[in-house]
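# Chains, contacts and geometry: an overview
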Amino acid sequence: MATDYRKLCVELFGTDDVAQLREIAEKTSQKNPRNAGRKKRFSAAEIADMERLRSEGVTVNEIARRYHASRQVIGRYLSPKPREGCTLRMNYMFRQHPCTVIDLDFLNRRVFIENKTNDLLHRAFGVNEHPSWEDLEIFLQDRCFPKSRGNCRQILREMGLTDYDPLQIVEKTQGRISEDNLWIKFQYYPKEAMAHESH
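Okay, so let's go over this structure.

### Examining unusual backbone geometry
Phi is positive for His68, which is not a glycine, with a value near 50°. The residue His68 is located in the loop between α4 (60-66) and α5 (71-78) in this model. Residue classification places His68 among the exposed residues on the basis of a relative accessible area of 73%. Positive phi values are uncommon outside glycine, yet Arg109 reaches one of about 50°. Following the sequence through the fold, Arg109 ends up in the loop between β2 (97-105) and β3 (110-115).

See the structure below:
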């Protein structure tokens, strides 16, 4: 009895169209047609373009779509882990746009920054590219209510704080003040998960 190959193709592949069968054969001959399991590496120029798009307000999801990658992968390129010794990252934001990334090493009182905007008014430390720990303290004080405020003690109690600590206050308020649309996003890194490379 002769085999009906057209019928067999329909049963196995859902079609007997020659062009479609060739396409199926080509795909199955490839070891990994979708590059499954492989993480695409982006060039320095592509990463710079991602950062430019992000600074212009393009969302991470949209950048991921443009580069045919997942949001998580793009997020890792746009927010690499901090230097060794840094356990806190503060992202100084204007609305939803990152302006300055601030990494803190509390043990050695070191501050590392990366500006994401050319607008000096939206940078955490203005023209200062290498802020000291004292500069950081001044920056934090500027993002919270003054210690001399009459109802300071009451505000601290409402926040669940016992002392006037600008870092703790800013963490509670996200550094928001009525004068502008700037705020701070906090991200803590446990020591065992810290990266060993620098920015």
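That shown, we press on.
### Quick look at the packing of aromatic side chains
Each aromatic ring pair is characterised by the separation of its centres together with the angle its planes make. Counted under the stated rule, the structure contains six aromatic pairs. Ring plane angle 90° and centroid distance 5.6 Å describe the contact between Phe42 and Tyr67, whose orientation is recorded as edge-to-face. Of this pair, Phe42 sits in the loop between α2 (18-29) and α3 (44-55) while Tyr67 sits in the loop between α4 and α5, and the two are 25 residues apart along the sequence. For the pair formed by Phe42 and Tyr67, the shared burial category is buried. Ring geometry for Phe145 and Tyr164: centres 5.7 Å apart, planes at 80°, overall edge-to-face. Taken together, the positions of Phe145 in the loop between α6 (133-142) and α7 (152-159) and Tyr164 in the loop between α7 and α8 (166-173) put the pair 19 residues apart, joining distant regions of the chain.

### Comments concerning α3
For α3, spanning twelve residues, the distance from its first C-alpha to its last is 16 Å, which sits close to the expected 16 Å at 1.5 Å a residue. Residues Met50, Leu53 and Arg54 constitute the buried set of α3. Along the axis of α3, the buried residues cluster in a sector spanning 100°; they form a single face. Of the exposed residues in α3, the ones pointing more than 90 degrees away from its buried face are Ala44 and Ala45. Each element contacted by the buried residues of α3 is listed here: α4, α5 and β2.

### Description of α8
Within α8, burial applies to Pro166, Leu167, Ile169 and Val170. In an axial view of α8, the angular spread of the buried residues amounts to 160°, which keeps them on one side of the axis. On its buried face, α8 is in contact with β1 (88-94), α6, α7 and β4 (182-188). Just past α8, the residue Gln174 takes up positive phi, approximately 60°.

### Considerations on the sheet that holds β1
Strand order in the open sheet formed by four strands is β3-β2-β1-β4, with antiparallel pairing between adjacent strands. The open sheet has two edge strands, β3 and β4, and neither has a second partner. Strand-to-strand twist of the sheet, defined as the mean angle between neighbouring strand axes without regard to direction, takes the value 20°. Taken together, the seven bridges between β1 and β2 define a ladder with antiparallel strand orientation. Residue pairing for β2: Phe94 is matched across the bridge by His97. Across the sheet, α6 is in contact with β1, β2, β3 and β4; its angle to β2 comes to roughly 130°.

### Overview of the pairing of β2
Burial within β2 is extensive, with eight of its nine residues counted as buried. Here β1 folds back onto β2 in antiparallel fashion, the turn holding two residues, of which Arg95 has a positive phi close to 55°. Taken together, β2 and the strand that follows it, β3, pair antiparallel across an intervening segment of four residues, in which Arg109 is found at a positive phi of about 50°.

Conventions and cut-offs
- Residues numbered from 1 in each chain as written.
- Predicted model: local features only at pLDDT ≥ 70, side-chain atom pairs only at ≥ 80, totals over all residues.
- Heavy atoms only, no water.
- Helix = DSSP H or I, 4+ residues; strand = E, 2+ residues; numbered from the N terminus.
- Buried < 20%, exposed > 50% of the residue type's maximum accessible area, 1.4 Å probe, protein only.
- Phe/Tyr/Trp six-rings, centres within 6.5 Å; stacked < 30°, edge-to-face > 60°.
- Expected span 1.5 Å × (residues − 1).
- Arc of directions from axis to C-beta.
- Contact = heavy atoms within 4.5 Å.
- Pairing = 2+ DSSP bridges.
- Axes fitted to C-alpha atoms, helices over the stretch in contact; angles between N-to-C directions.

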